[in-house]
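# Structural overview for review
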Amino acid sequence: MMKCMHRPGGEILAKEVETADTFFTRLWGLMMRPSLAEECGLLLSPCPQIHTCFMRFSIDAVFCDRTGRVLYVKENMKPWRFGKYVRGGYYTLELPGGSLKGRVRPGDELVFADHFNIQGEKK
């Protein structure tokens, strides 16, 4: 499991990030799960577009390019919706709905790593 940190602030967005990086893990994603725990997330790659079909809860989604630069943020995406295609999107981080609260914006950076030191830099 990885953690996800938001830059420039250094805030940890998710303490446990699961990866979905095969065709089937991306396809299955969060479908059929009862919920997504607080401070947890799912990182899909490559993934320039998502859907919430067969999901039972809302999510916040952050679309990033290959470097982790945020391209688009969709908060409180309800079940049974199709998201827009994000040109240049490579990573999509899905978080529990309502967890972002406007804190992440296009141009920000997300950093994914196993551990961070106190200053928020990768160990």
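Structure report, in brief. None of the values given here were measured: they were computed from a predicted structure. (Residues numbered from 1 in each chain as written. Predicted model: local features only at pLDDT ≥ 70, side-chain atom pairs only at ≥ 80, totals over all residues. Heavy atoms only, no water.)

## Remarks on the side chain of His-6
In this structure, His-6 sits in strand E1 (residues 2–7). For His-6, the side chain forms a polar contact with the side chain of Asp-108, separated by 2.7 Å. Excluding residues within four positions of it along the chain, His-6 makes contact with Glu-11, Leu-13, Arg-103, Val-104, Asp-108, Glu-109 and Leu-110. (Helix = DSSP H or I, 4+ residues; strand = E, 2+ residues; numbered from the N terminus. Polar contact = N/O pair within 3.5 Å; in protein donor to acceptor, adjacent residues only side chain to side chain. Contact = heavy atoms within 4.5 Å.)

## Some thoughts on a nonpolar patch on the surface
A cluster of nonpolar side chains, contributed by Trp-28, Met-32, Phe-54 and Trp-80, occupies part of the molecular surface with about 480 Å² of accessible area. Position of Trp-28 relative to the elements: it lies in helix H1 (residues 23–28). (Patch = residues over 30% accessible without salt bridge, like charges linked within 9 Å, V, L, I, M, F, W, Y side chains within 5 Å. Areas by Shrake-Rupley, 256 points an atom, 1.4 Å probe, with all protein chains shown as cover. Salt bridge = Lys/Arg side-chain N within 4 Å of Asp/Glu carboxyl O.)

## Quick word on the packing of aromatic side chains
Under the defined criterion, the tally for this structure stands at four aromatic pairs. Each ring, one from Phe-63 and one from Tyr-72, has its centre 5.8 Å from the other, and the planes form 45°; the classification is tilted. The partly exposed category is assigned to Tyr-72, whose relative accessible area is 24%. Judged by centre distance (4.8 Å) and plane angle (90°), the ring pair of Tyr-90 and Tyr-91 falls under edge-to-face. The exposure class of Tyr-91 is partly exposed, given its relative accessible area of 23%. Between Arg-66 and the ring centre of Tyr-90, over which it is positioned, the NZ or CZ distance is 4.0 Å. Above the ring of Tyr-72, the side-chain terminus of Lys-84 is found at 4.4 Å from the ring centroid. (Phe/Tyr/Trp six-rings, centres within 6.5 Å; stacked < 30°, edge-to-face > 60°. Buried < 20%, exposed > 50% of the residue type's maximum accessible area, 1.4 Å probe, protein only. Lys NZ or Arg CZ within 6 Å of the ring centre and 35° of its normal.)

## Things to note about the environment of Arg-105
By secondary structure assignment, the location of Arg-105 is in the loop between strand E6 (91–96) and strand E7 (109–113). Taking the C-alpha atoms as reference points, Arg-105 and Val-62, 43 residues apart in sequence, are found 8.8 Å from one another. Each residue touching Arg-105, except ones within four places of it in the same chain, is listed here: Val-70 and Val-73.

## A look at the pairing of strand E2 (residues 11–20)
Note that E1 and E2 share four bridges and pair antiparallel. Directly across from His-6, in E2, lies its bridge partner Glu-11. Counting the residues in the hairpin turn of E1 and E2 gives three residues, including Gly-10, whose phi is positive at 80°. Both E2 and strand E3 (residues 40–44) contribute to a ladder of five bridges, which runs parallel. In the sheet register, Glu-18 faces E3, and the bridge partner there is Leu-42. (Pairing = 2+ DSSP bridges.)

## Description of unusual backbone geometry
Residue Arg-7 is joined to Pro-8 through a cis peptide bond whose omega torsion reads 25°. The residue Pro-8 is located in the loop between E1 and E2 in this model. Between Ser-45 and Pro-46 the backbone carries a cis peptide bond, its omega angle lying at -15°. Note that Pro-46 resides in the loop between E3 and strand E4 (59–64). Despite not being glycine, Asn-76 shows a phi value in the positive range, around 50°. The backbone phi angle of Lys-101 is positive, close to 50°, even though this residue is not glycine. Considering the arrangement of structural elements, one finds Lys-101 in the loop between E6 and E7.

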